[in-house]
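Letter by letter, the chains look like this.
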Amino acid sequence: KYIYYDGSDGPGGDFMRTNASGWATGSYDFAEMFPASEALAPGEVVIFSSNNEAVSRSVGTPYDDRIAGIISTRPGFLAGDNRDGDVPVALAGRVPTYVSAENGNIVVGDPLTTSTRAGYAMKATEAGPIVGYAMEPFSGSTGVIIAVVRPSYYDGGPIASVPEVDTSASGIMTVAGLDVSG
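Residues numbered from 1 in each chain as written. Predicted model: local features only at pLDDT ≥ 70, side-chain atom pairs only at ≥ 80, totals over all residues. Heavy atoms only, no water.

Quick word on the overall build of the protein chain
Piece 1. Each helix and strand counted, the protein chain has zero helices and twelve strands in total.
Piece 2. Taken from N to C terminus, the helices and strands of the protein chain fall in the order β-β-β-β-β-β-β-β-β-β-β-β.
Piece 3. Here the protein chain holds 182 residues, and 40% of them are scored as buried.
Piece 4. Sequence-distant contacts, at least 24 apart, represent 57% of the contacts inside the protein chain between residues at least 6 apart. (Helix = DSSP H or I, 4+ residues; strand = E, 2+ residues; numbered from the N terminus. Buried < 20%, exposed > 50% of the residue type's maximum accessible area, 1.4 Å probe, protein only. Contact = heavy atoms within 4.5 Å.)

Structure below.
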């Protein structure tokens, strides 16, 4: 098995390749570096700001249609250039997320959207943009839970469970439970 890096500047250069069966990482999310207009902490919900491709902390507008993702704690895979002022925004996967219970207690599978508290998510109880789904329950005022990031639109209907991926073609079996405490 090998890992090969081509650092040439020409077309097709600057890439890595392996003949192994896959890549592995100790972290769980895919993030991309975005310029930030302010200092942001891991777990904060971010929106696209008005400055080109920059992100900023959510501003306290529930169901903000500019929702971008969540600042990653430790990305498993990181895309983009690591420039001063850039932050890793989780676009998919599991990440610790600041939450507020202003729309009630959160249960596993609840859709999460921007809250009235800047940088925090809350349970979505009506149709609108969401950042993802709760992977842990929460009953308090504010705190941190693991969320699976999946920016999309929630139609306001009931959620039976966290959305799954159809794995029938790969032969992977469905998991009955998932422990994300570690």
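With respect to the pattern of salt bridges
Piece 1. Tallied over the entire structure, the rule returns four salt bridges.
Piece 2. One salt bridge connects Asp64 with Arg66, and the closest N-O pair in it is separated by 3.4 Å.
Piece 3. A relative accessible area of 34% means that Arg66 is categorised as partly exposed.
Piece 4. When the shortest N-O distance is used, the salt bridge between Asp86 and Arg83 registers 3.2 Å.
Piece 5. The exposure class of Arg83 is partly exposed, given its relative accessible area of 45%.
Piece 6. Sharing partners across several salt bridges, the network here consists of Glu38, Glu44 and Arg57. (Salt bridge = Lys/Arg side-chain N within 4 Å of Asp/Glu carboxyl O.)

So, the packing of aromatic side chains
Piece 1. Throughout the structure, instances matching the rule amount to two aromatic pairs.
Piece 2. Between Phe34 and Phe48, the ring centres sit 6.0 Å apart and the planes meet at 65°, which makes this aromatic pair edge-to-face. Highlighted residues: Phe34 in strand β3 (residues 29-35) and Phe48 in strand β4 (residues 45-48), separated in sequence by 14 residues.
Piece 3. For Phe34, a relative accessible area of 11% corresponds to the buried category.
Piece 4. Overall, Phe48 belongs to the partly exposed group, its relative accessible area being 35%.
Piece 5. A centroid spacing of 5.1 Å and a plane angle of 35° characterise the contact between Tyr98 and Tyr120, whose relative ring orientation is tilted. One end of the pair, Tyr98, is in strand β8 (residues 86-100); the other, Tyr120, is in the loop between β9 (111-114) and β10 (121-123), and 22 residues separate them in sequence. (Phe/Tyr/Trp six-rings, centres within 6.5 Å; stacked < 30°, edge-to-face > 60°.)

A closer look at the confidence of the model for the protein chain
Piece 1. When pLDDT is averaged along the protein chain, the result is 86, and 84% of the positions lie at 70 or above.
Piece 2. Contacts from residues 170-176, a stretch scored under 50 in pLDDT, to residues over four places away or in other chains number two contacts. (pLDDT = per-residue confidence, 0-100.)

Some words on the environment of Ser27
Piece 1. By the element assignment, Ser27 lies in the loop between β2 (15-18) and β3.
Piece 2. In this structure Ser27 touches Arg74, Pro75 and Gly76, once residues within four positions along its chain are discounted.

Points about unusual backbone geometry
Piece 1. In the Ramachandran plot, Tyr63 falls in the positive-phi region, its phi being about 60° despite a non-glycine side chain.
Piece 2. Along the chain, Tyr63 turns up in the loop between β5 (55-57) and β6 (67-71).

Points about the side chain of Asp29
Piece 1. Topologically, Asp29 is positioned in strand β3.
Piece 2. In this structure, Asp29 is buried with no salt-bridge partner, the nearest side chain bearing the opposite charge being Arg74 at 8.3 Å.
Piece 3. Reaching out from Asp29, the side chain makes a polar contact with the side chain of Ser72 at a distance of 2.9 Å.
Piece 4. Leave out the neighbours within four places in its chain, and Asp29 touches Ser72, Arg74, Pro75, Gly76, Phe77, Ala90, Ala92, Gly93, Arg94 and Val95. (Lys, Arg positive; Asp, Glu negative; His and termini not counted. Polar contact = N/O pair within 3.5 Å; in protein donor to acceptor, adjacent residues only side chain to side chain.)

Some points on the nonpolar core
Piece 1. By size, the foremost hydrophobic cluster in this structure holds 16 residues, and its most contacted members are Ile70, Val99, Ile106, Leu112, Phe138 and Ile145.
Piece 2. Put simply, the parts of the chain that give this core at least two residues each are β6, β8, β11 (128-134) and β12 (142-154).
Piece 3. Those residues in contact with Ile70, other than ones at most four positions away along the chain, are Gly43, Glu44, Val45, Val46, Pro88, Val89, Ala90, Val95, Pro96, Thr97, Val131 and Val149.
Piece 4. Met122, Ala124, Ile130 and Tyr154 belong to the second-largest nonpolar core, a separate cluster that totals nine residues. (Core = buried A, V, L, I, M, F, W, Y, C linked by side-chain atoms within 4.5 Å.)

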